[in-house]
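# Tertiary structure, described
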Amino acid sequence: MDIIFNGASEALAEGATVQDLLTQVHLQDRRVAVEVNGEIVPKSLHASHVLGDGDTVEIVHALGGG
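Source: prediction; values computed, not measured.

Now for the overall build of the protein chain. The helix and strand tally for the protein chain stands at 1 helix and 5 strands. The C-alpha atoms of the protein chain give a radius of gyration of 11 Å, which matches the 11 Å a tight globule of 66 residues would have. Along the three orthogonal principal directions, the C-alpha set of the protein chain runs to about 40 × 25 × 20 Å. Expressed as a percentage of its 66 residues, the buried residues of the protein chain come to 30%.

Right, dumping it as structure tokens:
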């Protein structure tokens, strides 16, 4: 299936979860905020929230600095 991830097309396996996407894009160990189709998905639901074909996913992650 294809989703829109941060404005670009991204291919995922059918039944992929938010956690699967984070792993695929190498953000699994980062502090991130995830929005799917305009709704925030809490971290507690990343492993169970199944993505669908055509979903729009926006992910932002914190950068360290100082």
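From this point, the narrative continues.
A separate point is the sheet that holds strand β1 (residues 2-5). Pairing is mixed in the open sheet, where 5 strands are placed in the order β2-β1-β5-β3-β4. Every interior strand has two partners, whereas the edge strands, β2 (8-11) and β4 (39-40), have only one. Of the strand pairs in this sheet, β1 and strand β5 (residues 56-61) are connected by 2 bridges, and their pairing is parallel. From the neighbouring strand, isoleucine 4 faces β5, where its bridge partner is threonine 56.

Residues Ile3 and Phe5 point to one face of β1 and are all buried, whereas Asp2 and Ile4, pointing to the other face, are not buried. Direction of pairing for β1 relative to β2: antiparallel, over a ladder of 4 bridges. Note on β2: the bridge partner recorded for phenylalanine 5 is alanine 8.

Here we come to the environment of methionine 1. Note that methionine 1 resides in the segment before β1. Its relative accessible area of 15% is what places methionine 1 among the buried residues. Linking methionine 1 and asparagine 37, residues 36 residues apart in sequence, is a C-alpha distance of 16 Å. Aside from chain neighbours lying at most four places away, what touches methionine 1 is Glu10, Ala11, Leu12, Ala13, Glu14, Gly15, Ala16, Leu51, Gly52 and Asp53.

Conventions used here
- Residues numbered from 1 in each chain as written.
- Predicted model: local features only at pLDDT ≥ 70, side-chain atom pairs only at ≥ 80, totals over all residues.
- Heavy atoms only, no water.
- Helix = DSSP H or I, 4+ residues; strand = E, 2+ residues; numbered from the N terminus.
- Rg over C-alpha atoms; globule rule 2.2 N^0.38 Å.
- Buried < 20%, exposed > 50% of the residue type's maximum accessible area, 1.4 Å probe, protein only.
- Pairing = 2+ DSSP bridges.
- Contact = heavy atoms within 4.5 Å.

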